[in-house]
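Structure at a glance
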Amino acid sequence: MAPLKSLQQEYPLVDSGFQAFCASHGIFSVEDFLLYDVDVLISSADKQSTSQRLKQGINQLLSIIDALHRPLLTGLNLLEDSKRNKHALSTGCQGIDALLGGGLRLGQVTELVGPSSSGKTQACLQFATTAATKHIGFVIYLDTCNAFSPQRIAHYAGQSSGPVSNDQADHKPLQQVLDRIICYSVFNIFQMFDLLHQLEINLRSQMFKSDCQVRLLIVDSVSSLITPILGGSGPQGHALMISVGFLLKKLAHEHNLAVLVTNHMVGGDSGTSKPALGESWKTVPHVRILLSRDRESNICTFSIIKHPSMASGRAASCPFWDR
Amino acid sequence: MEKKESSREIGEERIIALEGTDLDVSESGASEILKYVSQFSRLDGSSRSPATFDGAQTAWTMLSEEKFLPCITTSCLDLDNILGGGIRCREVTEIGGVPGIGKTQIGIQLAVNVQIPIEYGGLGGQAIYIDTEGSFMMERVLQIAEACVEDLSEYGHLRKDAQDSQVKMHPNNVLQNIFYFRVCSYTEQIALVNYLDKFVTEHKSVKIIILDSVTFHFRQEFDDMARRTRLLSEMALKFMKLSKKFGLAVVMLNQVTTKLIDGSFQLALALGDSWSHMCTNRIILYWNSNERFAFIDKSPSLKSASASYSVTSRGIRNSTSSSKRIKMM
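Residues numbered from 1 in each chain as written. Chains lettered and ligands numbered in written order. Predicted model: local features only at pLDDT ≥ 70, side-chain atom pairs only at ≥ 80, totals over all residues. Heavy atoms only, no water.

**As for the nonpolar core**
- By size, the foremost hydrophobic cluster in this structure holds 74 residues, and its most contacted members are L142(A), L217(A), I128(B) and F239(B).
- It is helix α10 (residues 225-246) of chain B that provides the largest number of residues to this core, a total of eight residues.
- The residues contacting L142(A), other than those within four sequence positions of it, are Y184(A), V186(A), M192(A), L195(A), L196(A), L217(A), I218(A), V219(A) and D220(A).
- One finds L110(B), V112(B), F136(B) and I210(B) within the second-largest nonpolar core, a separate group that totals 44 residues. (Core = buried A, V, L, I, M, F, W, Y, C linked by side-chain atoms within 4.5 Å. Buried < 20%, exposed > 50% of the residue type's maximum accessible area, 1.4 Å probe, protein only. Helix = DSSP H or I, 4+ residues; strand = E, 2+ residues; numbered from the N terminus. Contact = heavy atoms within 4.5 Å.)

**A short note on the pairing of strand β12 (residues 291-298) of chain B**
Residues and elements named next belong to chain B.
- Taken across its eight residues, β12 has eight buried, putting it largely inside the fold.
- Here strand β11 (residues 281-288) runs beside β12; their pairing, made up of seven bridges, is antiparallel. Within the sheet, the bridge partner assigned to R282 lies in β12 and is K298.
- Between the antiparallel neighbours β11 and β12 lie two residues, among them S289 with a positive phi of about 45°.
- As defined by bridge partners, β12 adjoins strand β13 (residues 305-312) across four bridges and the pair is classed as antiparallel. Paired with F295 across the strands is S306, a residue of β13.
- Counted between consecutive antiparallel strands, the loop separating β12 from β13 contains six residues. (Pairing = 2+ DSSP bridges.)

**Let's talk about the side chain of S233(B)**
- Tracing the backbone shows S233(B) in helix α10.
- Here the side chain of S233(B) touches T229(B) through a polar contact of 2.8 Å, landing on its backbone oxygen.
- Separated by 3.0 Å, the side chain of S233(B) and the backbone oxygen of R230(B) make a polar contact.
- Among all residues touching S233(B), those that are not within four sequence positions of it are T227(A), P228(A) and M278(B). (Polar contact = N/O pair within 3.5 Å; in protein donor to acceptor, adjacent residues only side chain to side chain.)

**A look at the environment of F187(A)**
- Checked against the element boundaries, F187(A) lands in the loop between β5 (181-185) and α10 (189-205).
- Residue class for F187(A) comes out buried when judged on its relative accessible area of 9%.
- Counting along the chain gives 41 residues from F187(A) to N146(A), while the straight-line C-alpha distance between them is 9.8 Å.
- With near-sequence residues (within four places) excluded, F187(A) lies in contact with T144(A), N146(A), L225(A), L237(B), M240(B), K241(B) and K244(B).

**Thoughts on helix α3 (residues 59-67) of chain B**
- Taken as a whole, α3(B) has its buried residues at A59(B), M62(B), L63(B) and E66(B). Buried residues along α3(B) cover an arc of 110° about the axis, so they all sit on one side. (Arc of directions from axis to C-beta.)

**Looking at the interface of chain A and chain B**
- With 57 residues of chain A at the contact, the number on the chain B side is 50 residues.
- Buried area between chain A and chain B, summed over both chains or domains, comes out near 4,400 Å², and the portion from carbon and sulfur atoms is 60%.
- Applying the counting rule to chain A against chain B returns zero salt bridges.
- Residue assignment for the side of chain A that touches chain B shows that the elements contributing at least two residues are α7 (120-133), β4 (138-143), α8 (150-161), α9 (168-179), β5, α10, α11 (222-226) and β8 (265-267) of chain A.
- Among the elements that line the side of chain A that touches chain B, the one with the most residues is α10(A), at seven residues.
- Each residue belonging to the side of chain A that touches chain B can be placed in one class, and the counts come to 27 nonpolar, 22 polar and eight charged.
- Pairing of β5(A) with strand β1 (residues 57-58) of chain B involves two bridges; the strand directions are antiparallel. From the neighbouring strand, I182(A) faces β1(B), where its bridge partner is T58(B). (Buried area = accessible area lost by both parts, 1.4 Å probe. Salt bridge = Lys/Arg side-chain N within 4 Å of Asp/Glu carboxyl O. Nonpolar A, V, L, I, M, F, W, Y, C, P; charged D, E, K, R; others polar.)

**Considering the state of the cysteines**
All names here are of chain A.
- Following the criterion strictly, the structure yields one disulfide over all chains and no others.
- A sulfur-sulfur distance of 2.4 Å marks the disulfide that ties C93 to C318. Across the S-S bond linking C93 and C318, the dihedral sits near 120°, which makes this disulfide right-handed. Of this pair, C93 sits in the loop between β1 (88-89) and α6 (94-99) while C318 sits in strand β12 (residues 315-319), and the two are 225 residues apart along the sequence. Note on accessibility: C93 and C318 belong to one class, buried.
- The structure places no disulfide on C124, whose sulfur is separated from the nearest cysteine sulfur, that of C145, by 9.2 Å.
- Its sulfur unpaired, C300 is 7.4 Å from the next cysteine sulfur, which belongs to C318. (Disulfide = S-S within 2.5 Å.)

**Comments concerning the packing of aromatic side chains**
- Taken as a whole, this structure holds nine aromatic pairs over all chains when the rule is applied.
- Aromatic side chains Y141(A) and F148(A) sit 4.8 Å apart centroid to centroid with 50° between the ring planes, which places their arrangement in the tilted category. Here Y141(A) and F148(A) have matching classes, each one buried.
- Taken together, a centroid distance of 6.0 Å and an interplanar angle of 55° make the contact between Y195(B) and F199(B) tilted. Of the two residues, Y195(B) and F199(B) both sit in helix α8 (residues 186-202), four residues apart, roughly one turn of that helix.
- For F199(B), a relative accessible area of 7% gives the class buried.
- Chaining the aromatic ring pairs together yields one cluster made of F179(B), F181(B), Y195(B) and F199(B). (Phe/Tyr/Trp six-rings, centres within 6.5 Å; stacked < 30°, edge-to-face > 60°.)

**Structural notes on the confidence of the model for chain B**
- Of all residues in chain B, 78% attain a pLDDT of 70 or more, and the chain-wide mean is 81.
- Low pLDDT, under 50, characterises residues 42-48 of chain B; the stretch is placed with 11 contacts to residues that sit more than four places away or in other chains. (pLDDT = per-residue confidence, 0-100.)

**Quick notes on helix α6 (residues 138-158) of chain B**
All names here are of chain B.
- Compared with an ideal rise of 1.5 Å per residue, which puts 21 residues at 30 Å, α6 spans 30 Å between its outermost C-alpha atoms and is within 8% of the ideal.
- When we look at burial in α6, the residues that qualify are R140, V141, I144, A145, A147, C148, V149, L152 and G156.
- In this structure, the buried side of α6 is in contact with α5 (103-113), α7 (171-176), β6 (178-182), β13 and β14 (315-318). (Expected span 1.5 Å × (residues − 1).)

Right under this line is the structure:
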């Protein structure tokens, strides 16, 4: 936080006398000021000779801080924002759309968790294709396990729009769809932070471009980036994990994206599996979906573990993305 | 056009020069600057979408790349068929099975097959073989290499347009093109993985890395399972990065262990649940009435299928049993 003397230029009330007074209470930066009890400070200022000026200085600081917090929103503002900006992205599978109340909701972080080879990556590819074809939006796919398969995307795109012939003319719509899905390989959590910040800057600087917007951000899988740093001696891994969650939720809310992340399962007590990344991660995604795949019948079952407006425990099945 | 290009460059230079100093710019001012710069870069004709950053690729460019991505044959036609041509480059494949099923044999076969010249449909590359158990037998490699060269020259004779029927592959050269590393502890293994980036940058024709086996040094002497998971996941990410960056295939051989599933002990691949998520593809080798089978357990683009293969004196080959057929799941 800024030291008090950096405010001196803009706000002449925060002069050297005021700073000396604050220093006598151990306040050197704005952070110290926030932590200090304001009433104690005011009563101590009363006892000084320049009490009037000092109290003006305190009020000045308080008003600066007041101006910096986010504007208050009423419930009505939120409802209007939700109706106007935060509709749901259809996933391409009717059963799952019905399960999720329309699909992946913009402004929310959805997590797909499941054991190995249960269909998480396939679900991500399918949802990405639907977002690019049906909703004409950009999709950003962050891939950590080299599992992004453009052939599968082309397959799903072909499924929704009918058979694709080898004719050159037919490649145009497929190319348009595939051009909207942007894939980036990340192998490091710091690299992902870099990317997300870069994305934030890109989105903010092009606020008014309305023809084609980013609609879906997929991170497959976020757990493989967090597992190498989680646990251990220090709390940094934990802090980084929560920062990632915070950044994803901020991106989703401010720029009206749907965020989809995948997570894996680990063995819990008494042999049952549980989602990885621990207890603190449970609060991060808005919606958590458990996937399981029945090998014999190749049916993939999606069941809700957590949802802000639906009962958990409801499930829907989808044939396992026939190959 | 040129004027705009030069003014953009000047603008960028100025911004880079300012980077070192502490700027007194408010947040709105900073975003104005960035908007201005991005406007210039958009004016040069390329259609920048709101989402592109350096290094990103659209699915369309990746589609054409994926079609022409080379595969490394396993010398067994059935196995190649279910794998869509062979072991794919740019992906990390885990192969696991019980002892004696032929994991090391497959590893050695792949180390030889990656060197098949391009004229014969191979990659003409080199191999890195990381041996943790000491199961790499030089005599066996020589045997497989000789058999491979013999098969290729036979194929060369059958080709009608073969101008040069002499195969440019010699068994001694085959041995020369396999870089062998022996690791004796998990720290050596991790140190080697860190070193591989530099090594492959210097030896650009390496096209496959075989790790036999990834499990060995991580099974014993680990009291802290959480630490083991962290180390393994870090190692897996490094392999993923290597395979993507240099376009090579990474094959990791894994052992099996018993696991308590639904009240009974069953065979499962070692290294736990977290490890099973860290590969791109997984192939499980198993016995079925005296025959060896390979089953695709995990793949982003291949069907689940199993095929039989056999281990012969010439290497991995098709199974000679008459009842062999590719079983689709």
